[in-house]
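Understanding the architecture of this molecule
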Protein chains: 4
Amino acid sequence: MGSTTMDGTKRHRRGDTHQRIQDVALELFAEQGYEKTSLREIAERLEVTKAALYYHFKTKEEILVSIFEDLTRPMDELIEWGKAQPHTLGTKREVLRRYSEALVGAAPLFRFMQENQATIRELSIGNEFKDRMLQMRDIIRDPDASLTDQVRCVSALFTMHAGMFVLQDVDGDAEEKRKAVLEVAIDLVTQAHAGPQVP
Amino acid sequence: MGSTTMDGTKRHRRGDTHQRIQDVALELFAEQGYEKTSLREIAERLEVTKAALYYHFKTKEEILVSIFEDLTRPMDELIEWGKAQPHTLGTKREVLRRYSEALVGAAPLFRFMQENQATIRELSIGNEFKDRMLQMRDIIRDPDASLTDQVRCVSALFTMHAGMFVLQDVDGDAEEKRKAVLEVAIDLVTQAHAGPQVP
Amino acid sequence: MGSTTMDGTKRHRRGDTHQRIQDVALELFAEQGYEKTSLREIAERLEVTKAALYYHFKTKEEILVSIFEDLTRPMDELIEWGKAQPHTLGTKREVLRRYSEALVGAAPLFRFMQENQATIRELSIGNEFKDRMLQMRDIIRDPDASLTDQVRCVSALFTMHAGMFVLQDVDGDAEEKRKAVLEVAIDLVTQAHAGPQVP
Amino acid sequence: MGSTTMDGTKRHRRGDTHQRIQDVALELFAEQGYEKTSLREIAERLEVTKAALYYHFKTKEEILVSIFEDLTRPMDELIEWGKAQPHTLGTKREVLRRYSEALVGAAPLFRFMQENQATIRELSIGNEFKDRMLQMRDIIRDPDASLTDQVRCVSALFTMHAGMFVLQDVDGDAEEKRKAVLEVAIDLVTQAHAGPQVP
DNA sequence: AATGAATGAGGATTCATTCAT
DNA sequence: CATGAATGAATCCTCATTCAT
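Computed from a prediction, not measured in an experiment: that's the story for all the values here.

**What to know about the overall build of chain A**
The secondary structure content of chain A amounts to 10 helices and zero strands. Secondary structure elements of chain A occur, N-terminal to C-terminal, as α-α-α-α-α-α-α-α-α-α. Among the 199 residues that make up chain A, the fraction classed as buried is 48%. Of the contacts formed within chain A by residues at least 6 apart in sequence, a portion of 66% connects residues at least 24 apart. Accessible area for chain A stands at about 10,100 Å²; split by element, carbon and sulfur atoms hold 52% of it.

In structure tokens form, the structure reads like this:
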């Protein structure tokens, strides 16, 4: 029942449940945290049994890992691209611009990552995530710049991550806010670049 | 037996265990997260029984609450002071300066708060903390400023919170880093102030 | 499709998978025990799905039962033969001799039976196995003999079962060990026969 | 309630529950096997909750380990003693005699060990038990004797272990049976000693 | 001021089994 | 002949909490 589609194809929507588990899980993880979200809860909301989850994923952690891998792919590609470019201010601005867009697609995941750092540190994705962040940092910052300028770069990255969520309860349309955040981030990086020239 | 002597030497100072519980708890909470830290673990590290913890605190949450209240008192006072001042750039700078110092004393707690947001949101201190942050925000930002400038202010706050931990694996002495972070934060607020004048 | 060819070459011989399941199952049962061996494990090692096992066998227990029946047929025949003979010492020796040989073919099964008695007792083959053993015992022992002599006979049987596995970590070639075990068993039965004559 | 004794001592029978858990656990382990016995079952029979078991023992395995350690102490001592004696036939007989007696006290445990070998092999006591058996074997057997004589010695040991349980459904009083088994075992060892002299 | 003993609720995970395709 | 998807029941275990002493 219910697996027949308009065109009469009685397809078994392979990946349907798989995908739905990921969706609901991310929703709940982001809402309540990883630890506080039980598999029972996920299963109930999907109207399947806990055991069904285990048919699709070997462990609770694997659910998270799979979400993470799926949603951070665009960032991986961005990092790959960024590392191949010359470390100019132009590159950095472009990276921030693209990063800002990539974040939109993975917003719930990043909100989750940000709010569950303690938990994630102990999980297998902990290091993976940290590595990605450090790679981004190394694309953005200049290790020979002043400490202050380095802080500016790190702050730029942070502003982008946090900005999106912290501003949730502020007035204004989401796309506008994204642009404002991006502007501040680009400003910070630009200042970091200008900085050393006028010591 | 015989835990008090006339001159106070070698006595189990009242509040000794109480304090030790808070210390160990915060240490573990910050390290592993609130959910992953069990009372058994805290008790074991203190070499007392779980039941002993219940002599000093009614619940696990109360341990956290008490830590929170003790460690955020300086910030409360700062907020009180800040609200009483005129909303000038000078005030804001001073607030950031003092905030930066206050953060040093409460660093593990803030690290904890930052890394356990999802958990904390469901706890009683969740709102308290959010309120404090919003009050800080309202001291720092100007609600009539452009969205971008508002982001600058929020970013200034965020930079201070995050900066301290994210920079842990970066070179340089802690006090220097604190100053660099403070500088960037003050810069951001200063720019936010300059901004509206050149629209 | 296409699993049989005219000349029988390259055909999926009927019972191929059936047989392979039994082989792998016995191997794992003997190695890890019945309870600790899951159908998932068996299926994985065969590179089929669990459901495939259910095409060939109705239950997990049935897999074991079928192995048991296949491998103990020679013993059944031996018992049939033994019961038909006169209860002389010669018969008993011959039975032991043949039993020893039969054991070689069913070694993994017997190792399994011996190491999983608690489990087997609750299974349908439990009684069957016990019955076989009692019938063997009744061929070997003389119910009117002294208790000691009866113990000798039971011990002879036991020695044969256990001997093969316990001696695994002892020096020497398997066939030699089998003969040594057989010799001791025959000795025991011989003594049991000599016993009553010299009270 | 119920913890007051005749003499008015209101003692908390420390170790009472601890001991009762061991008793019931061994009973069930021996009856149904280790795997098939769930903690729920043990708890129910004791009219406590599962969690209570975990107050007394860290894991299910630890319950078994503790039983094992308590009940095999006499054997450890016997082995210690046996190793210190000269390897004469007299010593061996004495060891068997004492072993036979020690077995009576630990009968359910040994029945359990015998019937759950597959399970035990994977548990921490597996090796401990095997070690004890090999030490016994090395006290009893002579490594330079003929293979047949070595089998005799191993068989003697085995006969003692198995004899007690296999003979359960045979006529006669328990003590008598024990003596018969012991006699056969001693005979086997004696023959092993006499053997090499007449090659 | 602290302990020993226990509980109830819930956690993740595994298993044998079923059934439509 | 075999699979993909799912279930229900059970498993071991952990946790915060309570209470008499």
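**Describing the protein's contact with DNA strand E**
Taken together, 36 residues surround DNA strand E, and among them Y54 of chain A, T49 of chain B together with T49, Y55 and H56 of chain D come closest. Backbone atoms, meaning sugar plus phosphate, form 65% of the atoms of DNA strand E positioned within 4 Å of the protein. At 2.5 Å from a phosphate oxygen of DNA strand E is found a side-chain nitrogen or oxygen belonging to T49 of chain B. In this structure, Y54 of chain C approaches DNA strand E through a side-chain N or O atom, which is 2.9 Å from a phosphate oxygen.

**A short note on the environment of M75 of chain C**
Residues and elements named next belong to chain C. Within the secondary structure layout, M75 lies in helix 4 (residues 60–84). For M75, a relative accessible area of 3% corresponds to the buried category. M75 sits 27 residues away from A102 along the chain, and the two C-alpha atoms are 6.7 Å apart.

**Notes on the relation of the copies chain C and chain D**
Both copies of the chain are related through a single rotation about an axis accompanied by a shift along the same axis. Take chain C, turn it by 180°, move it 0.0 Å along the axis, and it overlays chain D with an RMSD of 0.1 Å. Such values leave the two copies arranged in the relation of a two-fold axis.

**Focus on the packing of aromatic side chains**
Per the stated rule, a full pass over the model turns up 16 aromatic pairs over all chains. Aromatic ring contacts, followed pair by pair, group F29, Y34 and F112 of chain A into a single cluster. A cation over an aromatic ring shows up here: R98 of chain B above the ring of W81 of chain B, its NZ or CZ 4.0 Å from the ring centre.

**A short note on the protein's contact with DNA strand F**
Lining the immediate environment of DNA strand F, one finds 36 residues, of which T49, Y55 and H56 of chain A, T49 of chain C together with Y54 of chain D sit closest. Within the side chain of K60 of chain B, an N or O atom sits 2.8 Å from a phosphate oxygen of DNA strand F. Interatomic distance of 3.2 Å between a side-chain N/O atom of K50 of chain D and a base nitrogen of DNA strand F. Of all the secondary structure elements, the ones that give two or more residues to the surface near DNA strand F are helix 3 (50–56) of chain A, helix 2 (39–46) and helix 3 (50–56) of chain B, helix 3 (50–56) of chain C together with helix 2 (39–46) and helix 3 (50–56) of chain D. Of the residues contributing to the surface near DNA strand F, the split by class is 14 nonpolar, 12 polar and 10 charged.

**Quick look at the environment of A25 of chain D**
Residues and elements named next belong to chain D. With respect to the helices and strands, A25 occurs in helix 1 (residues 16–32). With 18 residues separating them in the primary sequence, A25 and A43 have C-alpha atoms 9.2 Å apart. In contact with A25, other than residues within four places in its own chain, are I42, I63 and I67.

**Concerning the packing of helix 8 (residues 124–140) of chain D against helix 9 (residues 147–166) of chain D**
Residues and elements named next belong to chain D. Contact pair helix 8 / helix 9: the axes reach a minimum separation of 9 Å and the direction vectors enclose 130°. Taken as axis vectors, helix 8 and helix 9 run oblique relative to one another. The two elements helix 8 and helix 9 meet at a crossing, and its hand is right-handed. Two secondary-structure elements touch here, helix 8 through M133, M136, R137 and I140 and helix 9 through C153, V154, L157 and H161. Across the contact of helix 8 with helix 9, the residue classes break down as six nonpolar, one polar and one charged.

**A closer look at the UniProt feature "DNA-binding region" (unreviewed entry) in chain A**
Mapped onto this numbering, the UniProt entry annotates "DNA-binding region" (unreviewed entry) at residues 38–57 of chain A. Annotated as residues 38–57 of chain A, this span is 75% helix and 0% strand, and its ends, taken at the C-alpha atoms, are 14 Å apart.

**Quick notes on the interface of chain B and chain A**
Between chain B and chain A, the residue contacts involve 40 residues of the former and 40 residues of the latter. For the pair chain B and chain A, the two sides together bury roughly 3,400 Å², of which 58% comes from carbon and sulfur. Among the residues chain B hides against chain A, the three largest losses belong to E115, L147 and V151 of chain B. Together they make up 15% of the total. At the surface where chain B touches chain A, the tally comes to four salt bridges. Close ionic contact of R121 of chain B with E115 of chain A constitutes a salt bridge, the shortest N to O distance being 2.1 Å. Put simply, chain B and chain A have 15 residue pairs in polar contact (both at pLDDT 80 or more) between them. If you list the elements that add at least two residues to the side of chain B that touches chain A, you get helix 1 (16–32), helix 6 (107–115), helix 7 (117–121), helix 8 (124–140), helix 9 (147–166) and helix 10 (174–194) of chain B. Take the side of chain B that touches chain A: its biggest share by element is 11 residues, from helix 9 of chain B.

**Let's talk about the interface of chain C and chain D**
At the junction of the two partners, chain C supplies 41 residues and chain D supplies 40 residues. Of all residues in chain C, E115, L147 and V151 of chain C give up the largest surface area on contact with chain D, accounting jointly for 15% of the area buried on that side. Linking chain C with chain D are four salt bridges. The interface formed by chain C and chain D holds 15 residue pairs in polar contact (both at pLDDT 80 or more) in total. Where the side of chain C that touches chain D is concerned, the elements lending two or more residues are helix 1 (16–32), helix 6 (107–115), helix 7 (117–121), helix 8 (124–140), helix 9 (147–166) and helix 10 (174–194) of chain C. Here the side of chain C that touches chain D takes 11 residues from helix 9 of chain C, the largest share from any one element.

**Some words on empty space enclosed by the protein**
Empty space among the atoms can be located by rolling a probe the size of a water molecule over them. Counted under the stated rule, the structure contains 10 cavities of 30 Å³ or more. Mapped by element, the contributors of at least two residues to the lining of the largest cavity are helix 9 (147–166) of chain A together with helix 9 of chain B. Grouping the amino acids of the lining of the largest cavity by side-chain chemistry returns six nonpolar, three polar and no charged.

**Description of the pattern of salt bridges**
Residue and element names in this part refer to chain B. Under the definition given, this model contains 59 salt bridges over all chains. With its nearest N and O atoms 2.6 Å apart, the salt bridge here joins R97 to E94. Taken as a pair, R97 and E94 lie in helix 5 (residues 89–105) at a separation of three residues, close to a single helical turn. Looking at R97, the relative accessible area reads 35%, which means it is partly exposed.

Rules behind the numbers
- Residues numbered from 1 in each chain as written.
- Chains lettered and ligands numbered in written order.
- Predicted model: local features only at pLDDT ≥ 70, side-chain atom pairs only at ≥ 80, totals over all residues.
- Heavy atoms only, no water.
- Helix = DSSP H or I, 4+ residues; strand = E, 2+ residues; numbered from the N terminus.
- Buried < 20%, exposed > 50% of the residue type's maximum accessible area, 1.4 Å probe, protein only.
- Contact = heavy atoms within 4.5 Å.
- Areas by Shrake-Rupley, 256 points an atom, 1.4 Å probe, with all protein chains shown as cover.
- Near = heavy atom within 4 Å.
- Polar contact = N/O pair within 3.5 Å; in protein donor to acceptor, adjacent residues only side chain to side chain.
- Least-squares fit on C-alpha atoms with pLDDT ≥ 70 in both.
- Phe/Tyr/Trp six-rings, centres within 6.5 Å; stacked < 30°, edge-to-face > 60°.
- Lys NZ or Arg CZ within 6 Å of the ring centre and 35° of its normal.
- Nonpolar A, V, L, I, M, F, W, Y, C, P; charged D, E, K, R; others polar.
- Axes fitted to C-alpha atoms, helices over the stretch in contact; angles between N-to-C directions.
- Parallel < 35°, antiparallel > 145°, perpendicular 65-115°, else oblique.
- Left-handed = near helix turned anticlockwise from the far one by under 90°.
- UniProt positions renumbered as here; feature names shortened; annotations may be inferred.
- Buried area = accessible area lost by both parts, 1.4 Å probe.
- Salt bridge = Lys/Arg side-chain N within 4 Å of Asp/Glu carboxyl O.
- 1 Å grid on protein atoms, 1.4 Å probe; cavity = no way out; pocket = protein on both sides within 12 Å on 5 of 7 lines; lining within 4 Å.
- Points joined across faces, edges and corners; volume = space filled by probe spheres on them.

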